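Now for the letters of each chain:
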2 protein chains.
Amino acid sequence: MVLRRPGNAPIAMSRPLKPLAVAMPESPSAVWCRRHTGELYSFETFIEAVRGFHGHAAPGLVLGGRMVHLASSALPSGILYDALCETANCLPDAIQMLTPCTIGNGWLRVEPLGRFALALFDKSTGRGLRVALDAGRLDAWPAIKAWFFKLKDKADQDAGRLMEQIRLADDGILRLQPIQVRPDALGKRSLGPRRLCAECGESYPARHGPTCRACQGHSPYLAGQATAAGWHPARPRRPAAALPEDPVGEHPISPDADEAGRGLEGGSGHPRPIRE
Amino acid sequence: MVLRRPGNAPIAMSRPLKPLAVAMPESPSAVWCRRHTGELYSFETFIEAVRGFHGHAAPGLVLGGRMVHLASSALPSGILYDALCETANCLPDAIQMLTPCTIGNGWLRVEPLGRFALALFDKSTGRGLRVALDAGRLDAWPAIKAWFFKLKDKADQDAGRLMEQIRLADDGILRLQPIQVRPDALGKRSLGPRRLCAECGESYPARHGPTCRACQGHSPYLAGQATAAGWHPARPRRPAAALPEDPVGEHPISPDADEAGRGLEGGSGHPRPIRE
């Protein structure tokens, strides 16, 4: 049991989770996974919880629940762990559903390596465990193989058969290994002091430079388009702030935007969003 | 009401949410926010839900719940929306708690601009609404100002007073504005075909290059350290896969790692993880 952080209520399910006995070796799938607060999920109840959080029963997330469970069950007790996810697809939600680590609290980090793998590690030492899907073992599970390697169109896949194979394959298609996170990847950097941007007037971390990154050419919005098109919010409940015409950093991307994308550690560069 | 996507049990709370009347103009804070499935939260019950998901009652997340509510209440009905968050701190969790958009399902994207703002937008047209904290209005709320601009050490802040000011300030410190997301920032890119990496043997998106990004020098792990230190997983429940000695992409960062960090759109570069 690894349960160090404060908090939590379980992700709710639309029907109550039946109490489950502790998993016995002869019935390895009785418990599919466990939340850090101790709630146990069977394969079926976890699918329901996945629907509740993720919107649909994504196979990668159902499998991800088992991956998180394998890592957290094997971690030594008593450590305060962080999570690292090697893909932004599905798997981060398994971590957010089952561990105390979320994107917003900073205990979960996504590295867009595109590998279907995650690691839980001691946040002070960086020692931890990584669980990956072992693609080399998928020959015995054709539905999983077809889904994972996209060998068939989604419409041609048998979703029920895929889920059943995930349930039966269980830990047999996973690989567990010890890892040591690089020291420079440990810890949380403070955003440091904030200041108001001279161009858009919004607050931003002073170390990003003389103006905010949006005004440096990295705004995800087009300048003035929304107001120009006349589409205004439908009656805000309490319009304390008038709808502004202010720019929100909509300067066109500068020719050297890609250059500015480097220099993450230097402070003023623009790190890329999660994309694989 | 904007409620388009399937799904969805509420984030559970440790005590049941009391039914609330629809917010009346004279009691603007009766409803602090609402989940996409229709569950209403008062300020107090939302704090509990925040503790359940995020681990602690982070002020930024409590405020974030109100920001999501302001945006979602003002969106025209009947649209299928995605979310964009301009910071990785706290705010993404408000989006994940109250909307169908999560990191793992790809409907939430984090742009590390360091501005305390979020946008919900029509996923097909890019039209949407942005809500930001209006830092220029914080003079009336010294506890919020001290927290947001880090004018005091955390230990010297009065957490109760801060929460009370957030509750009382309500929408008065928020700014709502229409936005148009850039066309190139719309839509979800497929990872494309996968292949096995010739170096580490793991599957990865073929478009990343001849080997996976980890083996291109972007592994977050040190080579061989964990096994060298003799720290092996404590008794995996079903050790279907032997603990491997395989590398997991632990090649040292190459001198040109920063160069490789560019070229996101080109395919083989290594986009940065979310960091501000």
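For the structure, check the block above.
Reading guide: rules and limits
- Residues numbered from 1 in each chain as written.
- Chains lettered and ligands numbered in written order.
- Predicted model: local features only at pLDDT ≥ 70, side-chain atom pairs only at ≥ 80, totals over all residues.
- Heavy atoms only, no water.
- Core = buried A, V, L, I, M, F, W, Y, C linked by side-chain atoms within 4.5 Å.
- Buried < 20%, exposed > 50% of the residue type's maximum accessible area, 1.4 Å probe, protein only.
- Contact = heavy atoms within 4.5 Å.
- Helix = DSSP H or I, 4+ residues; strand = E, 2+ residues; numbered from the N terminus.
- Pairing = 2+ DSSP bridges.
- Salt bridge = Lys/Arg side-chain N within 4 Å of Asp/Glu carboxyl O.
- Patch = residues over 30% accessible without salt bridge, like charges linked within 9 Å, V, L, I, M, F, W, Y side chains within 5 Å.
- Areas by Shrake-Rupley, 256 points an atom, 1.4 Å probe, with all protein chains shown as cover.
- Lys, Arg positive; Asp, Glu negative; His and termini not counted.
- Charge placed at Lys NZ, Arg CZ, Asp CG, Glu CD.
- Axes fitted to C-alpha atoms, helices over the stretch in contact; angles between N-to-C directions.
- Parallel < 35°, antiparallel > 145°, perpendicular 65-115°, else oblique.
- Left-handed = near helix turned anticlockwise from the far one by under 90°.
- Nonpolar A, V, L, I, M, F, W, Y, C, P; charged D, E, K, R; others polar.

Ranked by size, the top nonpolar core spans 110 residues in total, and within it Leu63(A) and Leu63(B) carry the most contacts. When residues no more than four places from it in sequence are discounted, the contact partners of Leu63(B) are Trp32(B), Phe116(B), Leu133(B), Trp147(B), Ile166(B), Ile173(B) and Leu174(B).

Moving on, we come to the pairing of strand S7 (residues 174–180) of chain A. One face of the sheet, then the other: side chains in a regular strand alternate in exactly this way. All names here are of chain A. S7 sits mainly inside the fold: 7 of its 7 residues count as buried. Side-chain alternation along S7 places Leu174, Leu176, Pro178 and Gln180 on one buried face and Arg175, Gln177 and Ile179 on a second face that is also buried. Across 7 bridges, the pairing between strand S6 (residues 127–133) and S7 is antiparallel. Bridging from a neighbouring strand, Ala132 pairs with Arg175 of S7.

With that settled, the discussion passes to the pattern of salt bridges. Within this structure, the stated rule accounts for 22 salt bridges over all chains. In this structure, Arg137(A) and Asp134(A) form a salt bridge, with 2.9 Å as the shortest nitrogen-oxygen distance. Residues joined by salt bridges that share partners form a network here, namely Glu86(A), Arg115(A), Arg130(A) and Glu202(B).

A word on a positive patch on the surface. On the surface, a cluster of positive charge is contributed by Lys123(A), Lys188(A), Lys150(B) and Lys154(B). Inspection of the secondary structure puts Lys188(A) in the loop between S7 and strand S8 (194–196).

Okay, the packing of helix H1 (residues 43–54) of chain B against helix H2 (residues 59–74) of chain B next. Residue and element names in this part refer to chain B. Contact geometry for H1 and H2: axes closest at 10 Å, N-to-C directions at 120 degrees. With respect to each other, H1 and H2 are oriented oblique. Both H1 and H2 take part in a crossing whose hand is right-handed. Across the interface between the two elements, Phe43, Phe46, Ile47, Val50 and His54 from H1 touch Leu61, Val62 and Gly65 from H2. Counted by class, the contact of H1 with H2 contains 6 nonpolar, 2 polar and no charged residues.

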